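# Working through the structure, step by step
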Amino acid sequence: MNGPNDVLKMALSHMEKTISPVTLSAWFDDTEVVSLTGDQITLRASGQFKKEIIESRFIGPLSEAISQILGGNIQIRIIVGDELPADNTLIGLSFDDEYTFEHFIVGSSNKFAHAAAIAVANNPAENYNPLFIYGQSGLGKTHLLHAIGNVIHQNHPNFRIIYVKGEDFTNELVTALQEGEVPAFRGKYRMADLLLIDDVQFIAGKERTQEEFFHTFNALYESGKQIVLTSDRPPKEMNTLEDRMKTRFEWGLLADIQPPDLETRLAIIASKALKLGFELPRDIMYQIAENLQSNVRQLEGTVKKIKAKHELNGEPITTAMVENVIEEVKSINPGLNPTPDMILKTVAIFYSMPVDQILANKRSKDTVRPRQMAMYLIRKLTNYSLPEIGKVFNRDHTTVMHACNKIEDERKINPETDDIIRTLIENIQNL
């Protein structure tokens, strides 16, 4: 099934069991599908007389056939001539001038994902389907997703494009189940020409959501429609995702985005300042780049705030002023640049244990595990060296190294350990 008109062809073929092909050809040969959204399909008849005949003689069996094909009760609307249906080509996708390939700063950390996204945008469903982009929060995955949508909408204005976050897909399905609107839910997603799913990791572990998405994925893939997914991790690391979904996510191309290196961070800062109409001294750009290393949104937010304080409050752009701005930006979402203290508190809450007990010299089984986990997460989420982490726990660096290696080795073979780490990191980043 390659598009809405294929639905009509299949329905007419089904109707040939009870109505002669000659009769159907007489009334439907120049009838076309102009839109299919939710639980409604809109057909265009060549004239008023044909419209009246179709409505009076064929609407019943046609509705039954289409409903069988798409699932559920599909309503049919027939228009004539130049009458236009509502515009349903874009669903959930906001075209922002910021979300373009031209405004995406390319560096060694994202070069491959950027090139893959451009290839998909220029030739949808030809080479890389699905395209699966993964990386930590704030590195540009959503930017690339929207950039793809921008280009495809410009090149293919009639494409039906759907953008949705993984969590919203789940919530929408729950609502459809509660209200008996599952057929409309299926019709909406399975007739897309381009499906963009942001943060698809949120469907993992949700059995009914995965079931629906599995069939939606198959319907689109088999119809030659482009699918683009983003996630905070590769499919193989989604331990609660069904194997059949992992396999499908890996059918196309996997592209990761890493935190930007120093040169890329400097380029992002300079570009953002230029867009805002001012320049930053070189030493100030280095100050920002060296203090904010893992999140593009924080870099851009810092530049915006510096400009606002400079122009609205008349503050000179000094290292002291910039230092204050950086701390303010970090405080908005401190979990993106966590301190050892924040990590320790999060681990302590998870294991229902006071921080002091984790830091104590006790070597009981109850305390060793949280302590090793805290060491591992500080090593993973901060720039602290092994000796620096050792000082936090009043232990030497070899103890820290042993703890990190132990957790990392266990993570590779024990899905439960990996899930705990994912949960802890998510809790930390949401502080």
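In this report, we go over the structure that sits alongside the text. (Residues numbered from 1 in each chain as written. Predicted model: local features only at pLDDT ≥ 70, side-chain atom pairs only at ≥ 80, totals over all residues. Heavy atoms only, no water.)

### A few points about the nonpolar core
Among the nonpolar cores identified, the biggest contains 26 residues, and Ile197, Val200, Phe213, Leu229 and Phe249 are the most heavily contacted of them. Contributing elements (two or more residues each) for this core: strand 5 (131-135), strand 6 (161-165), helix 6 (166-179), helix 7 (182-190), strand 7 (194-198), helix 8 (207-222), strand 8 (226-231) and helix 9 (243-249). The leading source of residues in this core is helix 8, at four residues. With residues up to four places along the chain from it excluded, the contact list for leucine 229 reads Pro130, Leu131, Phe132, Ile133, Ile197, Val200, Phe213 and Phe249. With 25 residues, the next largest nonpolar core counts Met15, Ala45, Ile54 and Leu62 among its residues. (Core = buried A, V, L, I, M, F, W, Y, C linked by side-chain atoms within 4.5 Å. Buried < 20%, exposed > 50% of the residue type's maximum accessible area, 1.4 Å probe, protein only. Helix = DSSP H or I, 4+ residues; strand = E, 2+ residues; numbered from the N terminus. Contact = heavy atoms within 4.5 Å.)

### Here we look at the side chain of threonine 31
Here threonine 31 is to be found in the loop between helix 2 (21-28) and strand 1 (32-37). Relative accessible area serves as the criterion here: at 9%, threonine 31 is assigned to the buried category. A distance of 3.4 Å separates the side chain of threonine 31 from the backbone oxygen of tryptophan 27, its partner in a polar contact. Not counting residues up to four positions away in its chain, the partners in contact with threonine 31 are Leu8, Leu43, Arg44, Ala45 and Ile54. (Polar contact = N/O pair within 3.5 Å; in protein donor to acceptor, adjacent residues only side chain to side chain.)

### Quick look at the pairing of strand 5
For strand 5, a buried count of five out of five residues is recorded, marking the element as mostly surrounded by other parts of the structure. Side chains Leu131, Ile133 and Gly135 of strand 5 all project onto a buried face; the interleaved residues Phe132 and Tyr134 project onto the opposite face, where all are buried too.

### Some words on the environment of tyrosine 99
The residue tyrosine 99 is located in the loop between strand 4 (90-91) and helix 4 (111-122) in this model. The exposure class assigned to tyrosine 99 is partly exposed, which follows from its relative accessible area of 29%. Note: C-alpha distance between tyrosine 99 and lysine 188 (89 residues apart in sequence) is 25 Å. The residues touching tyrosine 99, leaving out its near neighbours within four places in the chain, are His143, His146, Ala147 and Asn150.

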